Amino acid sequence: MDYEKKELYFPCSGEKCHGILYFPSNIKKTPALIMGMGFGMIKEVHADDYAPYFAQKGISVLVFDYRRFGKSEGKPRQALYPMDQVSDYRCAISYMKTLDIIDPDKICVWGTSFSGGHVLTLLAFPELGLRCGISQVPNVYSYRTALEYFGSLEPVLMISSQNSKECCEGNPSYIPIVSKDGIAALMSKEAFEYYSNVA
């Protein structure tokens, strides 16, 4: 089945999120799939790996960047606030329901890793019309994940405490998602290799 795609912006808490809409050609009403990327990712990394498959099956797909990431608005840039990202999904759902090509009662959300956890949150407190979710290897236990990466919670608490103070003062600090040497959000060899290859 043929499909088309277009870039767009949708409103989100006073700002705008950027997305790419993949939609089947010549179908009046389709189900919708909304895709958010994993930890620190932007949509272009994997949008074309997944979205065309669903569009070719007759499903319209919106792949979007969270606020503060990619082409979406929001400051400070690259700042990751998990509950804001869940809200961004909700705004994407609301936007999709306004489109003439979408059946507002057939909405699905998709996430992987960090955003897989967002999907579970959305399904626990679903919007009207949200019927299902796809959650690949979801992050559901941050405490245990932190212990696995760092060996203890001390580095996480140190980073969190320092960044909280600086954010409150309007000067957030940043740490890399991965690093070959030194502190990073994800410190496994596999994470370094993955993010280094997709960046």
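Worth saying up front: this structure is predicted, and the values here are computed from it rather than measured.

(A) Quick look at the pattern of salt bridges. One pass over the full model with this rule turns up eight salt bridges. A salt bridge links glutamate 44 to lysine 43; its shortest N-O distance comes to 3.1 Å. Given a relative accessible area of 39%, glutamate 44 falls into the partly exposed group. Lysine 43 sits in the buried class, given a relative accessible area of 0%. A salt bridge links glutamate 127 to arginine 90; the nearest nitrogen and oxygen atoms lie 2.7 Å apart. On the criterion of sequence distance, the pair formed by glutamate 127 in the loop between α3 (114-124) and β6 (130-136) and arginine 90 in helix α2 (residues 82-96) is long-range, its members being 37 residues apart. Taken together, the shared-partner salt bridges in this structure form one network comprising Lys43, Glu44 and Asp65.

(B) Region of interest: the sheet that holds strand β4 (residues 60-64). Spatial strand order, β1-β2-β4-β3-β5-β6: six strands in an open sheet with mixed pairing. Each edge of the open sheet is held by one strand with a lone partner, namely β1 (3-12) and β6. In this sheet, adjacent strand axes meet at a mean angle of 25° when their direction is disregarded. The sheet contact formed by strand β5 (residues 102-112) and β6 spans six bridges and is parallel. Within β6, the position partnered with cysteine 108 by the bridge is cysteine 132. Against the sheet, helix α1 (residues 47-55) contacts β1, β2 (15-24), β3 (30-36), β4, β5 and β6, and its axis sits at roughly 50° relative to β2.

(C) Inspection of the pairing of β3 at higher detail. The element β3 is extensively covered by neighbouring structure, given that six of its seven residues are classed as buried. Alignment of β3 against β5, held across five bridges, turns out to be parallel. In the sheet register, methionine 35 faces β5, and the bridge partner there is tryptophan 110. Sheet topology places β3 next to β4; five bridges connect them, and they run parallel. What sits directly across from alanine 32, in β4, is serine 60. With respect to chirality, the unit in which β3 leads through α1 into the neighbouring parallel β4 is right-handed.

(D) Inspection of unusual backbone geometry at higher detail. A cis amide bond links lysine 75 with the next residue in sequence, proline 76, at an omega value of 0°. Tracing the backbone through its elements, the reader meets proline 76 in the loop between β4 and α2. Of note in the backbone geometry, glutamine 78 takes a positive phi value of approximately 65° without being a glycine. In this structure, serine 113 is a non-glycine residue whose phi angle is positive, near 60°.

(E) Layout of α1. When α1 is considered as a whole, its buried residues turn out to be Ala47, Ala51, Pro52, Phe54 and Ala55. Along the axis of α1, the buried positions cluster into a sector of 160°, meaning they face one direction only. Those residues of α1 that are exposed and aimed more than 90 degrees away from the buried face are Asp49 and Tyr53.

(F) Looking closely at the environment of valine 86. Tracing the chain through its elements places valine 86 in helix α2. On the basis of relative accessibility, which here comes to 4%, the residue valine 86 falls in the buried class. Separated by 35 residues in sequence, valine 86 and threonine 121 have C-alpha atoms that sit 7.7 Å apart. Those residues in contact with valine 86 that lie beyond four places of it in its chain are His118, Thr121 and Leu122.

Each value, and the rule that gives it
- Residues numbered from 1 in each chain as written.
- Predicted model: local features only at pLDDT ≥ 70, side-chain atom pairs only at ≥ 80, totals over all residues.
- Heavy atoms only, no water.
- Salt bridge = Lys/Arg side-chain N within 4 Å of Asp/Glu carboxyl O.
- Buried < 20%, exposed > 50% of the residue type's maximum accessible area, 1.4 Å probe, protein only.
- Helix = DSSP H or I, 4+ residues; strand = E, 2+ residues; numbered from the N terminus.
- Pairing = 2+ DSSP bridges.
- Axes fitted to C-alpha atoms, helices over the stretch in contact; angles between N-to-C directions.
- Contact = heavy atoms within 4.5 Å.
- Right-handed = clockwise from strand over helix to strand, strands pointing away.
- Arc of directions from axis to C-beta.

Function cannot be read off these values alone, since they describe shape.
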